[in-house]
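Chain residues, written in single-letter form:
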Amino acid sequence: MSQRPAILTGFHFTKATLAAFEERCEIVGRMENPQPTPKDIPPGVADRVQAIVSTGSVGLSEAMMAALPRLSLFCCYGTGYERIDLAAARRRNIMVTHGADANAPDVAEMAVAILLASTRRVVRADKMIRRGDWTKRIPNRFGAIAGLTGGKVGILGLGAIGLEFAKRIKGFDVQIGYCNRNRRTDVDYPYFSNVMELAHWADYLIVCLRSDASNKHIINAEVLKALGPRGHLVNISRGWAVDEAALADALRHGVIEGAALDVFDEEPYEGTELLPLDNLVMTPHFGGGTEHAQRRMNALVRRNL
């Protein structure tokens, strides 16, 4: 029998990533279910599994922990751990690790990209040309566009990703404010003690927080109303930070001007209410999907294992 630690994976990793894990571990199975239960554990391996490498959005229930008697480590491939039963993990002495900073620059870069795509109507304009609708020059075809310069950018969650985003967005000559659980002493941006205050102040609200049960649907109808009819929302953190039904309603009725999502409450997104909205930019949770980020994350997970 192999002397390497036995691990399960619960995510669609690339061949290169799996090969990196296998240098020092034995992959004894992969769980395909986005919300795995004990029945998803491959036959004959439950008593061998010492670690799981997956994502916080897939998570780990106490039932899964109970079904894996040798489990001592859950490695999150990414920053979030919102669907992991941390209390149960503590009781069972199972360590939980995550990649707090590994993909922060890349996710921040994505936030800038989709903020611009939303505010400058990039996707809508592209579709217009492809449909053959660009038949004459018409100013303000999509309404007046404010542009970022001089605008107020509110960052909800000034952690690793939020700081990297702030560093990049500064070049657009914007004002930056933030809301955090605690005021930071290493920045001089205006601090707002709650999300409502930040939304009232901001033109563009960027959600960078680490989502957990305490802030589920922190972006709700009231926050969107506070952001206002020229406001834009960007979420690159976790999908359940945003009430998608409230967002769809706000976009349909002009409560806010636009939004951009790289993350969704359930992934892959299989809903319908967001799809018809042409003032919404959507990307399939690949903010951290660069080669640089993958190399950093692979190295960190290997060290944790």
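Basis of the calculations
Residues numbered from 1 in each chain as written. Predicted model: local features only at pLDDT ≥ 70, side-chain atom pairs only at ≥ 80, totals over all residues. Heavy atoms only, no water. Phe/Tyr/Trp six-rings, centres within 6.5 Å; stacked < 30°, edge-to-face > 60°. Helix = DSSP H or I, 4+ residues; strand = E, 2+ residues; numbered from the N terminus. Buried < 20%, exposed > 50% of the residue type's maximum accessible area, 1.4 Å probe, protein only. Contact = heavy atoms within 4.5 Å. Pairing = 2+ DSSP bridges. 1 Å grid on protein atoms, 1.4 Å probe; cavity = no way out; pocket = protein on both sides within 12 Å on 5 of 7 lines; lining within 4 Å. Points joined across faces, edges and corners; volume = space filled by probe spheres on them. Expected span 1.5 Å × (residues − 1). Salt bridge = Lys/Arg side-chain N within 4 Å of Asp/Glu carboxyl O. Core = buried A, V, L, I, M, F, W, Y, C linked by side-chain atoms within 4.5 Å.

Enumeration over the complete set of coordinates arrives at six aromatic pairs. An angle of 75° between the planes, with centres 6.5 Å apart, marks the rings of Phe21 and Tyr77 as edge-to-face. Of this pair, Phe21 sits in helix H1 (residues 15–22) while Tyr77 sits in the loop between strand S4 (73–76) and helix H3 (86–91), placing them 56 residues apart in sequence. Phe21 sits in the buried class, given a relative accessible area of 1%. Residue class for Tyr77 comes out buried when judged on its relative accessible area of 10%. Summarising the aromatic geometry, the rings of Phe192 and Trp201 are spaced 5.2 Å apart at their centres and angled 40° between planes, so their arrangement reads as tilted. Here Phe192 matches Trp201 in class, with each residue buried. Counting every residue linked through ring pairs, the aromatic cluster contains Phe13, Phe21 and Tyr77.

Let us look at the environment of Gly258. Tracing the chain through its elements places Gly258 in strand S11 (residues 258–261). A relative accessible area of 1% places Gly258 in the buried class. Expressed as a C-alpha distance, the spacing of Gly258 and Gly231, which sit 27 residues apart in the sequence, is 6.8 Å. Apart from residues no more than four positions distant in its own chain, Gly258 is found in contact with Ser118, Gly231, His232, Leu233, Leu251 and Asn279.

With that settled, the discussion passes to the sheet that holds S11. Either a parallel or an antiparallel arrangement is found when strands of a sheet pair, and the pairing is made through backbone hydrogen bonds. Taken together, seven strands build an open sheet; the order of strands is S8-S7-S6-S9-S10-S11-S12 and the sheet is parallel. Looking along the sheet, the strands with just one partner apiece sit at the ends: strand S8 (191–192) and strand S12 (280–282). In this structure, strand S10 (residues 232–235) lies alongside S11, joined through four bridges in parallel fashion. From the neighbouring strand, His232 faces S11, where its bridge partner is Gly258.

This part covers empty space enclosed by the protein. Applying the stated criterion across every chain, the model contains one cavity of 30 Å³ or more. Considered as a void within the structure, the largest cavity measures approximately 80 Å³ in volume. Along the walls of the largest cavity sit Ala117, Ser118, Arg121, Val123, Arg124, His232, Glu257, Gly258, Asp278, Asn279, Leu280 and Val281, which together make up its complete lining. Counting residues per element, the ones that place at least two in the lining of the largest cavity are helix H4 (104–119), helix H5 (122–130) and S12.

The end-to-end C-alpha distance of H4, which contains 16 residues, comes to 22 Å, matching closely the 22 Å that a straight helix rising 1.5 Å per residue would cover. Residues Ala104, Asp106, Val107, Ala108, Met110, Ala111, Val112, Ile114, Leu115, Ala117, Ser118 and Thr119 constitute the buried set of H4. In the stretch just after H4, Arg121 is the one whose phi turns positive, near 55°.

So, about the pattern of salt bridges. All chains considered together, the criterion is met by 16 salt bridges. Of the charged contacts, one joins Asp278 and Arg124 as a salt bridge, the two residues approaching to 3.9 Å between their closest N and O atoms. Note that Asp278 is positioned in the loop between S11 and S12 and Arg124 in helix H5, a separation of 154 residues in sequence. For Asp133, the salt bridge identified is with Arg131, shortest N-O distance 2.8 Å. By relative accessible area, Arg131 is classed as exposed at 55%.

Quick look at the nonpolar core now. Counting 31 residues, the largest nonpolar core has Leu156, Leu205, Ile219, Leu224, Leu233, Leu247 and Ile256 as the members making the most contacts within it. Those elements that place two or more of their residues in this core are helix H7 (195–201), strand S9 (204–207), helix H8 (221–227), helix H9 (244–252) and S11. For this core, the element with the most residues is H9, which contributes five residues. In this view, Ile256 contacts Leu224, Leu227, Gly228, Pro229, Gly231, Leu233, Leu247, Ala250 and Leu251; residues no more than four positions away in its chain are not counted.

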